[in-house]
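Now for the letters of each chain:
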Amino acid sequence: MSQSRPTLSSSSRECPVVDGVRQIQRIAVRNAEVGGIPINRALPTRERRTVGAWCFLDHAGPTVFNGTSPGMDVGPHPHIGLQTFTWMIEGEVLHRDSLGSEQVIRPGQVNLMTAGRGIAHTEQSVGEQRRLHAAQLWIALPAEHADMAPRFDHYPDLPQWQNNGVNHRLLVGEFGAYRSPVFAFSPLIAIDMEWQEAARIELPLRDDYEIGFLPLIGAFELNGETFSPDEFAYLGMKNNSIGLNARKGSRGLLIGGVPLNEEILIWWNFVGHTKAEITQAQHDWEQEAPRFPAVDGYSGERMTAPRLPWSDV
């Protein structure tokens with residue numbers, strides 16, 4: 001008699017073991033559009049809100065723009081309480097923000113914007129490439145750092161190595177002898193992996209990290225199960241390693257981290273620890289308060305915040 005597959009609640013961080021095999025929570029990504037670019041949203045979802053301090057994951061593209069499309073164009077919008085983490089795979093995007101930062105991000109690079117108490121920014125496709133492929137993630141700031149001064153950092157060089165025909169890039173955190181220069185306020189890891197040939201690899205992991213994996217290109221086999229780019233695999237905690245099997249040309253993104261163990265609220269472009277924080281940030285954006293200065297160099301309109309979903313604050 002077959003055994004029914006155990007279910008995993010959105011608050012549980014440990015996937016059950018059945019017949020000696022740790023189960024994987026399979027989460028369907030949501031399709032949406034941001035700045036004229038189709039995206040697959042893996043976090044947050046009803047099934048899983050966070051993985052460590054990672055609280056948002058959009059997979060943008062791969063997209064080829066037609067002759068009349070300007071590409072990505074995301075107008076001025078605000079953030080608080082988070083770090084935006086952009087990993088560029090194909091194409092070029094110009095970042096501008098209310099600190100006066102102006103930086104083109106190119107393939108193999110990371111842009112990290114720490115919103116802290118408040119920042120506004122824009123994103124626009126630039127250059128002659130007619131393709132765009134990227135991942136944008138948010139990292140929730142711990143409460144003790146949520147009100148820090150905003151800052152922007154650009155990382156053009158990241159550790160990389162080959163293992164069994166698979167190219168690895170360490171985007172943030174530590175892995176073996178490798179250490180990413182990208183700074184974070186919580187213990188985190190993110191690794192981009194690109195299969196140069198068909199292969200199976202085994203990645204050692206910290207068992208106090210929650211782990212998630214998103215296929216970017218191609219299908220992957222994890223613990224005997226196949227996952228495609230329209231699915232996010234949550235492996236929970238207490239994993240000493242993960243085995244990944246894929247064909248040549250496949251690409252995937254592994255993320256993980258120590259659970260934040262703080263209540264995290266996400267509304268629109270804001271991350272906060274209370275409704276009052278988010279309500280105040282939205283009011284300040286709508287009133288064009290000094291907390292969110294203008295983004296110089298962008299000629300389009302500011303984004304309009306949607307109506308708050310609560311009225312008790």
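Preceding block: the structure.
So, here's what we can say about the structure. (Residues numbered from 1 in each chain as written. Predicted model: local features only at pLDDT ≥ 70, side-chain atom pairs only at ≥ 80, totals over all residues. Heavy atoms only, no water.)

## Points about the sheet that holds strand S16 (residues 166–172)
What counts is decided by this rule: Strand pairing is assigned whenever DSSP identifies at least 2 bridges connecting the two strands. Only DSSP runs of H or I reaching four residues or more are called helices, and only runs of E reaching two or more are called strands; each is numbered from the N terminus. Axis lines are fitted to C-alpha atoms, over the contacting stretch for helices. Their N-to-C directions set the angle, which ranges from 0 to 180 degrees.
Pairing within the open sheet is antiparallel, and its seven strands lie in the order S3-S24-S21-S26-S19-S16-S15. The strands lining the two open edges of the sheet, one partner per strand, are strand S3 (25–28) and strand S15 (160–163). Going from strand to strand, the sheet's axes swing by 25° on average, the running direction of each strand aside. As judged from the seven bridges shared by strand S19 (residues 188–195) and strand S26 (residues 251–257), these two strands associate in the antiparallel manner. Counted as the bridge partner of isoleucine 189 is glycine 256 from S26.

## Concerning the packing of aromatic side chains
Worth spelling out the cut-off: Ring geometry is summarised as follows: Phe, Tyr and Trp rings, the Trp one being its six-membered ring, pair when their centres sit within 6.5 Å, and such pairs are stacked at plane angles under 30 degrees, edge-to-face over 60 and tilted between the two. Exposed residues in this analysis have more than 50% of their type's maximum accessible area, buried residues have under 20%, and partly exposed residues fall in between, with area computed by a 1.4 Å probe over protein chains only.
Under the criterion given, the structure shown has 10 aromatic pairs. Taking 5.4 Å as the distance between ring centres and 15° as the angle between the ring planes, the aromatic pair formed by tryptophan 161 and phenylalanine 175 counts as stacked. With tryptophan 161 in strand S15 and phenylalanine 175 in strand S17 (residues 174–175), this residue pair connects regions lying 14 residues apart in the sequence. A residue is classified by how much of its surface remains accessible, and tryptophan 161, at 11% relative accessible area, is buried. Given a relative accessible area of 14%, phenylalanine 175 falls into the buried group. Ring geometry for tryptophan 195 against phenylalanine 220: centres 5.0 Å apart, planes inclined by 75°, an arrangement best described as edge-to-face.

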